[in-house]
Amino acid sequence: MAGKFELYTDKAGKYRWRLKAGNGEIIAVGEAYESRAGCMNGIESVKRNAPLAEVKELMPH
């Protein structure tokens, strides 16, 4: 089963998204957006940029 983005509104009425893995586990969440369109833009940004994102370790060795 493939992962999926879920778009929802929080208790404050803000739009949010979360990315769930195929097993239903939440693996990423987005910030709060004032509009549905803004939230959709956030999802599209993750879709577009994630395949190219590098992994940067911030912890000391």
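Scroll up to find the structure this text is about.
Residues numbered from 1 in each chain as written. Predicted model: local features only at pLDDT ≥ 70, side-chain atom pairs only at ≥ 80, totals over all residues. Heavy atoms only, no water.

Attention shifts here to the sheet that holds strand β3 (residues 26-29). The strand order across the open sheet formed by three strands is β1-β2-β3, and the pairing between neighbours is antiparallel. The open sheet has two free edges, formed respectively by β1 (4-9) and β3, since each of these has just one partner strand. Neighbour-to-neighbour, the strand axes of this sheet turn through a mean angle of 30 degrees, independent of strand direction. As judged from the three bridges shared by strand β2 (residues 15-20) and β3, these two strands associate in the antiparallel manner. Opposite K20, over in β3, you have I26 as the bridge partner. (Pairing = 2+ DSSP bridges. Helix = DSSP H or I, 4+ residues; strand = E, 2+ residues; numbered from the N terminus. Axes fitted to C-alpha atoms, helices over the stretch in contact; angles between N-to-C directions.)

Turning to the nonpolar core, a few remarks are in order. Core analysis: the largest hydrophobic core is formed by five residues, namely W17, L19, Y33, C39 and I43. Of all the elements in the fold, those that place two or more residues in this core are β2 and α1 (36-49). Excluding anything up to four places from it in sequence, L19 contacts K4, F5, E25, I26, I27 and A28. (Core = buried A, V, L, I, M, F, W, Y, C linked by side-chain atoms within 4.5 Å. Buried < 20%, exposed > 50% of the residue type's maximum accessible area, 1.4 Å probe, protein only. Contact = heavy atoms within 4.5 Å.)

Turning next to the packing of aromatic side chains. Counted by the stated rule, this structure contains one aromatic pair. Here F5 and W17 contribute two aromatic rings whose centre-to-centre distance is 5.5 Å and whose plane-to-plane angle is 65 degrees, an arrangement assigned as edge-to-face. With F5 in strand β1 and W17 in strand β2, this residue pair connects regions lying 12 residues apart in the sequence. Residue class for F5 comes out partly exposed when judged on its relative accessible area of 26%. Sitting over the face of the ring of Y8, R18 holds its NZ or CZ atom 4.1 Å from the ring centroid. (Phe/Tyr/Trp six-rings, centres within 6.5 Å; stacked < 30°, edge-to-face > 60°. Lys NZ or Arg CZ within 6 Å of the ring centre and 35° of its normal.)

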